Amino acid sequence: VQLQASGGGLVQAGGSLRLSCAASGRTFSSYTMGWFRQAPGKEREFVAAIIWSGGMTYYSDSVKGRFTIFRDNAENTVYLQLNSLKPEDTAVYYCAARDRPLYSAYEVEYAIWGRGTQVTVSS
């Protein structure tokens with residue numbers, strides 16, 4: 001599986017963006033998918049994850065209620081809908097794949113990573 005994230009951009013506080021992560025490979029539907037982000041000068045942190053079926057999702061406390069992760073296995077794509085954006089959401093966002101049925105918030109447990117997409121939220 002190879003991943004390509006897109007959809008980042010510059011948005012004002014309170015605005016919305018939708019990030020996409022397109023995967024190549026026929027086994028995408030079996031992977032747990034995650035989104036992480038890295039702000040300038042900070043370590044990369046977990047944002048959200050979704051299991052292979054899309055039936056269960058997980059979020060960090062900082063984005064819960066504002067962000068939504070979902071996937072379309074027929075399109076080999078996972079999405080992250082970002083609503084009510086705040087300046088502190090500014091970061092490079094990465095999608096990642098984990099060949100296990102359960103989610104994880106630890107980046108070391110995701111073996112496959114895409115190139116990040118920049119999200120900048122202005123105040």
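Please read all numbers here as calculations on a predicted model, not as lab measurements.

Reading the values: rules and limits
Residues numbered from 1 in each chain as written. Predicted model: local features only at pLDDT ≥ 70, side-chain atom pairs only at ≥ 80, totals over all residues. Heavy atoms only, no water. Helix = DSSP H or I, 4+ residues; strand = E, 2+ residues; numbered from the N terminus. Rg over C-alpha atoms; globule rule 2.2 N^0.38 Å. Buried < 20%, exposed > 50% of the residue type's maximum accessible area, 1.4 Å probe, protein only. Pairing = 2+ DSSP bridges. Axes fitted to C-alpha atoms, helices over the stretch in contact; angles between N-to-C directions. Core = buried A, V, L, I, M, F, W, Y, C linked by side-chain atoms within 4.5 Å. Contact = heavy atoms within 4.5 Å. Polar contact = N/O pair within 3.5 Å; in protein donor to acceptor, adjacent residues only side chain to side chain. Salt bridge = Lys/Arg side-chain N within 4 Å of Asp/Glu carboxyl O.

> Is there a simple way to think about the overall build of the chain in this case?
The helix and strand tally for the chain stands at 0 helices and 11 strands. Starting at the N terminus and ending at the C terminus, the chain contains elements arranged as β-β-β-β-β-β-β-β-β-β-β. Here the C-alpha radius of gyration of the chain, 13 Å, is about what a compact globule of 123 residues would show, namely 14 Å. With the C-alpha coordinates of the chain rotated into their principal frame, the extents come out at 40 × 25 × 25 Å. Out of the 123 residues belonging to the chain, those deemed buried represent 45%.

> Looking at this structure, I do not really get the sheet that holds strand E1 (residues 2–6). What am I missing?
Hydrogen bonds along the backbone pair up the strands of a sheet, which may run parallel or antiparallel. Across the sheet, 4 strands lie side by side as E1-E3-E8-E7; this open sheet has antiparallel pairing. Bordering the open sheet on either side are E1 and strand E7 (67–72), each of which pairs with just one other strand. On average, adjacent strands in this sheet sit at an angle of 15° to one another, irrespective of strand direction. As paired elements, E1 and strand E3 (residues 17–24) share 5 bridges and run antiparallel to each other. Along E3, the bridge assignment pairs leucine 3 with alanine 23.

> Hey, could you run me through the nonpolar core in this one?
A general trend in soluble globular proteins is that nonpolar side chains are found buried together. Of all hydrophobic cores here, the largest spans 30 residues; its most connected members are Met33, Trp35, Leu80 and Tyr93. Elements represented by at least two residues in this core include exactly E1, E3, strand E4 (32–38), strand E5 (45–50), E7, strand E8 (77–82), strand E9 (91–98) and strand E11 (117–122). For tyrosine 93, the contacting residues outside a window of four places in its chain are Leu19, Trp35, Phe36, Arg37, Val47, Phe67, Leu80, Leu82, Gly116, Thr117 and Val119. If you look at the next biggest cluster of nonpolar residues, it comprises 7 residues, including Phe36, Phe46, Ile51 and Tyr58.

> For this particular structure, what's the right way to read the side chain of threonine 32?
By the secondary structure assignment, threonine 32 is in strand E4. A polar contact of 2.6 Å, which involves the side chain of threonine 32, links it to the backbone oxygen of arginine 100. Residue contacts for threonine 32: discarding those within four places in its chain leaves Ile50, Ile51, Trp52, Arg71, Ala96, Ala97, Arg98, Arg100, Pro101, Leu102, Tyr103 and Tyr110.

> Would you mind showing me how to read the pattern of salt bridges here?
Pairs may arise between side chains of opposite charge once their charged atoms sit close together. Per the stated rule, a full pass over the model turns up 6 salt bridges. In this structure, glutamate 45 engages arginine 37 in a salt bridge whose closest nitrogen and oxygen atoms are separated by 2.6 Å. Judged by relative accessible area, which is 35%, glutamate 45 ranks as partly exposed. Under the relative-accessibility criterion, arginine 37 is labelled buried at 5%. In this structure, a network of salt bridges that share partners links the residues Arg37, Glu45, Arg66 and Asp89.

> Just checking my understanding: could you explain unusual backbone geometry for this structure?
Apart from glycine, the bulk of residues carry a negative phi angle, and the bulk of peptide bonds sit in the trans form. Despite not being glycine, asparagine 76 has its phi angle at roughly 55°, a positive value. Summarising the element assignment, asparagine 76 is placed in the loop between E7 and E8. Positive phi outside glycine occurs at serine 84, with the angle close to 50°.

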